[in-house]
Amino acid sequence: MITLTPAGARNTEDAKMRIGLLRLTDAAPVIVAHEFGFFAEEGVETELVIEPSWANIADKLAYGFLDAAVIIPPLAFAVTLGLRGHTQPLVVPYTISRGGNTVTFSNSLAQEIRAHAVAEDISMAQAFAGVIGARQEQLVLAVVHTYSTHNLLLRYWLATAGLARSPKVTLAVVPPALAVDALQAKRIAGFCAGAPWGEIAERARVGLTVATSQDIWRNAPEKSLALRRSWADAQPDTVQGALRAMLRASQFCDNPANASYTAALLSRRRYVSVDSHAIMSSLPGGSVTSRNQSLFFRGATTFPFRSQARWFLQQMERWELLAPGLDHRALAHSVYRPDIYRAAIAPLGMSLPLHDEKREGGHNSPWTLEGHPDPIAMEPDSFCDGAFFDFE
Amino acid sequence: MRLKIVLIDSDPERAQALEKQLSEAGFADVVRVPGGMDLTAAVGRVSPDLVIVDMALPDRDALEDIRAVSGAHPIVMFAGGDDPAFAEDAIAAGVCSYNLSGAAEADVRPIVTSAIALFRRYRHIQSELEVAKAMLDERRVIERAKAVLMRNRKMTEPEAYAWLRRKAMNANKKIGQIAAELVKREDSQLPTTSSGQGEGR
């Protein structure tokens, strides 16, 4: 056995970086970095741990069974603040993906909404409001976790049609892999979940997607890499190596030419364990028709902008998931760590954003961000209601 | 003690064992739920003092939303949430508990301790089973490799075994590995005739 860990860099006890992840398409860069040996080439020994639930990810981070995890950013704040169990300070030095979620409704409801939207020339959210306005019953929509991007995005979308606090819509938590069954059994009317589960529902002819992340917040930040702060502080070299390996994998996954490789790798039983074509459809270059594609690299995707942390915190407060009056700026600074990202990535000579914050939203078309040494080409980032967010 | 307990476990045998153990210890009020969709509803209906759940179930994410059904009741994850060692023990064993009513830790702790012991024992049995299965698989592949050698090289059974053992010693590998490689080679050379083997993968 050849050990790639530099001698003395870490003691043997914590030699392996244990990274937790769920069965989701946007875990791709971590799986690629592990399987293709990118981590190993940076001298980082990794162990991937596939967990069945976000609750497990959170608990195992909280009690030190995991060093790192692919996480939904609101959950990283929840763990750091002890909102759902044991408190464990986390840092987020890297954003893994943007986009990739779908709002998927049962066939009949989705068809009704689509027809109404076309007939009245209104948004899907408004059409949904119109459709349920004419109905008596309450509808249950599922999100994957209380502290999830899905919960925040779905509520944002519902709010644009005045449905956020409607008594006719109840939000429930259903794990994504079970949401398709729940939809089929009519226990829920729809769900908001990450890829590939919307695609799986469509393929099983159980549901239809009426909106994606793109229709709510274009190229919305989605998954992040979270590390236990104490673990990260104890081995800065390992962290930097891991981030460089991640960057290489992110670049690979973002390249349209690699979609089928990535999909085949992820479809393995050990990982997402579904048809690779269902995975393909949300990978860059994997489909020409899909409206739900994740981004992994282009447009400074991987940079952990603190303004995005602020958006998550603001929305968590908006929906009473966070006590009012907390210092969001300080929280964003302690959890989101572009300084770690910069230290790791700067040696590669890649252009980096000049500032740790940016305006979120407002760009309907590609735009340019101030960067060093060169400006950075960015993707559209507009919100469905035209809002934008300036936090500093 | 009338603590109401909801037990969520997809393994009926283990759930039954724990229920029995708990009722013998005087905790008779146990409701077993197999997991699945109506978990939050079930918890809402029973309004238990304590929920014990198998960490391998994805349903735990729905339980995180338990605030919605438990109303004003405080929720403490892991009985004795202030005792990291105890919680670590629980996680390592694969069991998680949600204390809904704020029942005294002294009441809850023995229950969770039983659950931890039981989950650990079941995991132990499972890993023993896996070892046994792996040994059986190895034996099966050696048998197949011997059959291949006996057919292709006209060896007797002891000769075939000796050949495999010699190969293994020379290559510094396990005999099972050598056998597996041989069988794999044989299968790949005869793609049409090996279709009857019915290998699952």
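As the structure is a prediction and not an experimental result, all values here were calculated from the model.

Analysis parameters
Residues numbered from 1 in each chain as written. Chains lettered and ligands numbered in written order. Predicted model: local features only at pLDDT ≥ 70, side-chain atom pairs only at ≥ 80, totals over all residues. Helix = DSSP H or I, 4+ residues; strand = E, 2+ residues; numbered from the N terminus. Buried ≥ 20, exposed ≤ 12 C-beta atoms within 10 Å, placed from the backbone. Domains from an automatic or database assignment. Pairing = 2+ DSSP bridges. Contact = placed C-beta atoms within 7 Å. Axes fitted to C-alpha atoms, helices over the stretch in contact; angles between N-to-C directions.

Enquirer: Would you mind going over the overall build of chain B in detail, with residue names and values included?
Expert: The secondary structure content of chain B amounts to eight helices and five strands. Of the regular secondary structure in chain B, the N- to C-terminal order runs β-α-β-α-β-α-α-β-α-β-α-α-α. Counting over 201 residues, chain B shows a buried share of 33%.

Enquirer: Which residues make up the domain arrangement of chain B, and what values do they have?
Expert: Looking at the assigned domains, one finds that chain B contains domain 1 (5-124) and domain 2 (128-191). Of note, the centres of domain 1 of chain B and domain 2 of chain B, computed from C-alpha atoms alone, are 47 Å apart.

Enquirer: Tell me what's going on with the pairing of strand S5 (residues 95-99) of chain B, and back it up with residues and numbers.
Expert: Residues and elements named next belong to chain B. Among the five residues in S5, five count as buried, and that is most of the element. Residues Val95, Ser97 and Asn99 point to one face of S5 and Cys96 and Tyr98 to the other, with burial holding for every one of them. Summarising the sheet, strand S3 (residues 50-54) and S5 pair through five bridges and their orientation is antiparallel. Paired with Ile52 across the two strands is Ser97, which belongs to S5.

Enquirer: Before we move on, can you summarise the interface of chain A and chain B with the specific residues and values?
Expert: Listed as interface residues are 24 residues of chain A and, on the opposing side, 20 residues of chain B. Those elements that provide at least two residues to the side of chain A that touches chain B are helix H3 (54-62), strand S7 (169-173) and helix H8 (176-184) of chain A. Take the side of chain A that touches chain B: its biggest share by element is five residues, from H3(A).

Enquirer: Give a description of the sheet that holds S7(A) that names residues and reports values.
Expert: Residue and element names in this part refer to chain A. Ordered by their spatial adjacency, five strands build an open sheet running S7-S6-S8-S5-S9, and the pairing between neighbours is mixed. Strand pairing shows two members of the sheet lacking a second neighbour, S7 and strand S9 (207-212), which therefore form its edges. Adjacent strand axes in the sheet meet at a mean angle of 25 degrees, parallel and antiparallel pairs treated alike. In the sheet, strand S6 (residues 139-143) pairs with S7 via five bridges, with the strands oriented parallel. Looking at S7, one finds that Val140 is bridged to Thr170.

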